[in-house]
Amino acid sequence: MKDHDEGRKIAASGALLLAAFAVTKAAGYLQKVIIAHRFGTSSDMDVYSLSFTIPDILLFLVIGGAVSSSFFPVTSRRPSEGGPGGARRVVNGVMTAAFLLLLGSVLLLEAGAGPVVHALAGRLSPHGQELALTMTRILLLQALFLGMGGFAAGVMNTYRKFIPLALAPLFYDLAIIAAALSLTRLRVHGQPLGVVGLAIGVAAGGLLHFLVQVPSLVRVGWRPIVLAAVRDPAVRRVARLTVPISLGLIAIQANLAVDRYLASGLPPGRIASLDFANEIAQLPNLTFTTALTLVMFPYFARDAAVGNLDQLRRRAALAVRLNMFVILPSAAVLVVLGSQITALLLQRGSFDAHSTALVSLPLALFSVGIAAQASIFLVVRVYYSLQKVVTPMLVAFASVVVNLVATALLLHPLGTGGLALATSIASICNFTALVVLLRPLIGGFEGRRFAISLSQVGVGCLVLAIVVAGAWAVLAGSGPVRLDLRHYGALVLSLALGGGAFLGTQFALRSEEVEVAMRIFLRRRDTAEALA
């Protein structure tokens, strides 16, 4: 009965998060449409994309993602060590240390950003370099605010408070939308703020991302600046786990920094087109995989804390197979209809047919690796649950080497497409190595089931690709994509027919994952039992 109730909670949490992330991604899509309409793939948009490099290294890699990933395993053990009060001390200690570290890092980077930004943007014009420096300094404020929001999200996930966790990115997107509609057109000294106004909106969105979670933080016992709690032994344990996680994440971020630097030497619009392509390719990951990871990570951590490796293996293997089942068909669609989808999503205003053409090739080649890239998020959480954080770090460093070698071979013949394909190759190698090295730690990874599932999904993706391509050809006809009812309808019907063909293939092949996936979306009780 206990397992049944727990399973229902997992399913309910997953359904809630999927719905919330769908709303958030709709807001994110609206944000991208407005930005694309306003700036397209202009040189200013190149500078805007490049300006995120330093703040992102601080935010997502050195601080937020690393500590939130090490926080769950430590707090999963804490109730037995110190009860709820002990867990609250860890929350206050980690949040206090995070604020002081973030604040100090931001101040140092604000002071020393000049030489670093000029080196990173050295291939841009002098105006572009100065604009990049201005926006980097603004976006470092976002790193402070969104960094604290990331720590708060870690606490929310630990306590399974999914509503504020889902609302935070929505408020972040809404702030950027407001800035894109208003601040970018605000004139200062006779000149519109342009992308600088957009950067201000990003910083404001980071602040809202944190503030919307504050009421729930207070209810679980958080208090600002509790210096005594920093000395808690569990906080030091979080810090020790964080260092190798941070180094591994920095290695991954290095791939993006290298891509942006190399793209800055290509004709204008290439950095922006690379970012637009990556954002479209990541939509399935950010919608489904993020929700799945947030729901499952606390259960991974609890299984590891009590030493139930059989349960951990079963949960992790099924989660990865289910993730592949959802992401691989999405990737197939993006490979076949990526250009048409880009045009129908973004092609308006400054984002013209030339911009769509710039995005299409890197989008198709990013899509080759998105299933592996998405599944890495799940697999590394199993390592973090086991507090085995060195292996993912070493694998990440190895993937950087793979990415650099592939980039050297592919950049000249394929341009930005070569950068995207190199990223996909590195992601596939990263995922494969992580799974192989995880098997001895948890007693295998249900390899036979994984191979069967992958072959079934592969057959389904082939059928889906044929149906989608044929349906579009019949329904949309020849010629360029037009933003009219016929072409939007052709896309919807093509996707529906392709999705139906994929599901039909999976039912015919008696895929285990199709049954689990259908139960999740229909919220049947036994769905969660399969995941639990």
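Residues numbered from 1 in each chain as written. Predicted model: local features only at pLDDT ≥ 70, side-chain atom pairs only at ≥ 80, totals over all residues. Heavy atoms only, no water.

Section: the overall build of the protein
Phase 1 of the analysis: The number of helices and strands found in the protein is 19 helices and 2 strands.
Phase 2 of the analysis: Expressed as a percentage of its 532 residues, the buried residues of the protein come to 56%.
Phase 3 of the analysis: A fraction of 83% describes how many contacts in the protein between residues 6 or more apart in sequence connect residues 24 or more apart.
Phase 4 of the analysis: For the protein, the accessible surface area stands at approximately 21,200 Å², while carbon and sulfur atoms represent 68% of it. (Helix = DSSP H or I, 4+ residues; strand = E, 2+ residues; numbered from the N terminus. Buried < 20%, exposed > 50% of the residue type's maximum accessible area, 1.4 Å probe, protein only. Contact = heavy atoms within 4.5 Å. Areas by Shrake-Rupley, 256 points an atom, 1.4 Å probe, with all protein chains shown as cover.)

Describing the packing of helix 11 (residues 309-346) against helix 16 (residues 447-476)
Phase 1 of the analysis: It is at 9 Å that the axes of helix 11 and helix 16 come closest, and there the two elements cross at 20 degrees. In terms of orientation, helix 11 and helix 16 fall into the roughly parallel class. Read as a crossing pair, helix 11 and helix 16 show a hand that is right-handed. Within the contact between the two elements, helix 11 uses Val320, Arg321, Met324, Phe325, Leu328, Pro329, Ala332, Val333, Val336, Leu337, Gln340 and Leu344 and helix 16 uses Arg449, Phe450, Ser453, Leu454, Val457, Cys461, Leu464, Ala465, Val468, Ala469 and Trp472.
Phase 2 of the analysis: Tallied by class, residues from the contact of helix 11 with helix 16 come to 19 nonpolar, 2 polar and 2 charged. (Axes fitted to C-alpha atoms, helices over the stretch in contact; angles between N-to-C directions. Parallel < 35°, antiparallel > 145°, perpendicular 65-115°, else oblique. Left-handed = near helix turned anticlockwise from the far one by under 90°. Nonpolar A, V, L, I, M, F, W, Y, C, P; charged D, E, K, R; others polar.)

Quick look at the pattern of salt bridges
Phase 1 of the analysis: Under the definition given, this model contains 9 salt bridges.
Phase 2 of the analysis: Put simply, Asp484 and Arg482 hold a salt bridge, and the shortest N to O gap is 3.1 Å.
Phase 3 of the analysis: Overall, Arg482 belongs to the partly exposed group, its relative accessible area being 35%.
Phase 4 of the analysis: Here the salt bridges do not stand alone but share partners, grouping Arg321, Glu446, Arg449, Glu512 and Glu513 into one network. (Salt bridge = Lys/Arg side-chain N within 4 Å of Asp/Glu carboxyl O.)

Quick notes on the environment of Gly128
Phase 1 of the analysis: Relative to the helices and strands, Gly128 resides in helix 4 (residues 126-158).
Phase 2 of the analysis: Taking relative accessible area as the criterion, Gly128 reaches 5% and is therefore assigned buried.
Phase 3 of the analysis: Sequence separation between Gly128 and Asp46 is 82 residues, and the spatial gap between their C-alpha atoms is 8.9 Å.

Here we look at the packing of aromatic side chains
Both the distance between ring centres and the angle between the ring planes are used here to describe each pair of aromatic rings.
Phase 1 of the analysis: In this structure the tally under the stated criterion is 5 aromatic pairs.
Phase 2 of the analysis: Centroid distance Tyr48 to Phe52: 5.1 Å. Interplanar angle 85 degrees. Geometry classified as edge-to-face.
Phase 3 of the analysis: Accessibility expressed as a relative area gives 7% for Tyr48, which makes it buried.
Phase 4 of the analysis: Ring geometry for Phe276 against Phe351: centres 5.3 Å apart, planes inclined by 85 degrees, an arrangement best described as edge-to-face. With a gap of 75 residues between them, Phe276 in helix 9 (residues 270-281) and Phe351 in the loop between helix 11 and helix 12 (353-367) connect regions that are remote in the sequence. Per residue, the accessibility class of Phe276 equals that of Phe351, and both read buried. (Phe/Tyr/Trp six-rings, centres within 6.5 Å; stacked < 30°, edge-to-face > 60°.)

Some points on helix 11
Phase 1 of the analysis: Compared with an ideal rise of 1.5 Å per residue, which puts 38 residues at 56 Å, helix 11 spans 46 Å between its outermost C-alpha atoms and falls more than 12% short.
Phase 2 of the analysis: The element helix 11 is extensively covered by neighbouring structure, given that 29 of its 38 residues are classed as buried. (Expected span 1.5 Å × (residues − 1).)

Overview of helix 6 (residues 195-211)
Phase 1 of the analysis: For helix 6, built from 17 residues, the straight-helix expectation of 24 Å at 1.5 Å per residue is met to within 8% by its first-to-last C-alpha distance of 25 Å.
Phase 2 of the analysis: In terms of burial, helix 6 is largely enclosed, as 12 of its 17 residues are buried.
Phase 3 of the analysis: Among the residues of helix 6, those classed as buried are Val195, Val196, Gly197, Leu198, Ala199, Gly201, Val202, Ala203, Gly205, Gly206, His209 and Phe210.

Concerning the nonpolar core
Phase 1 of the analysis: Ranked by size, the top nonpolar core spans 142 residues in total, and within it Met95 and Phe431 carry the most contacts.
Phase 2 of the analysis: Element by element, the count of residues in this core is highest for helix 11, at 17 residues. (Core = buried A, V, L, I, M, F, W, Y, C linked by side-chain atoms within 4.5 Å.)

Focus: a nonpolar patch on the surface
Phase 1 of the analysis: Taken together, the side chains of Ile163, Leu167, Phe171, Leu207, Leu208 and Leu211 define a hydrophobic patch exposed on the protein surface, amounting to about 460 Å² of accessible area.
Phase 2 of the analysis: Listing elements by their share of the nonpolar patch, those giving two or more residues are helix 5 (162-181) and helix 6.
Phase 3 of the analysis: Along the chain, the position of Leu211 falls in helix 6. (Patch = residues over 30% accessible without salt bridge, like charges linked within 9 Å, V, L, I, M, F, W, Y side chains within 5 Å.)

Details of the confidence of the model for the protein
Phase 1 of the analysis: Taken as a whole, the protein shows an average pLDDT of 83; of its residues, 88% reach a score of 70 or greater.
Phase 2 of the analysis: Across residues 524-530, where pLDDT falls below 50, the model places 16 contacts with residues more than four positions away in sequence or in other chains. (pLDDT = per-residue confidence, 0-100.)

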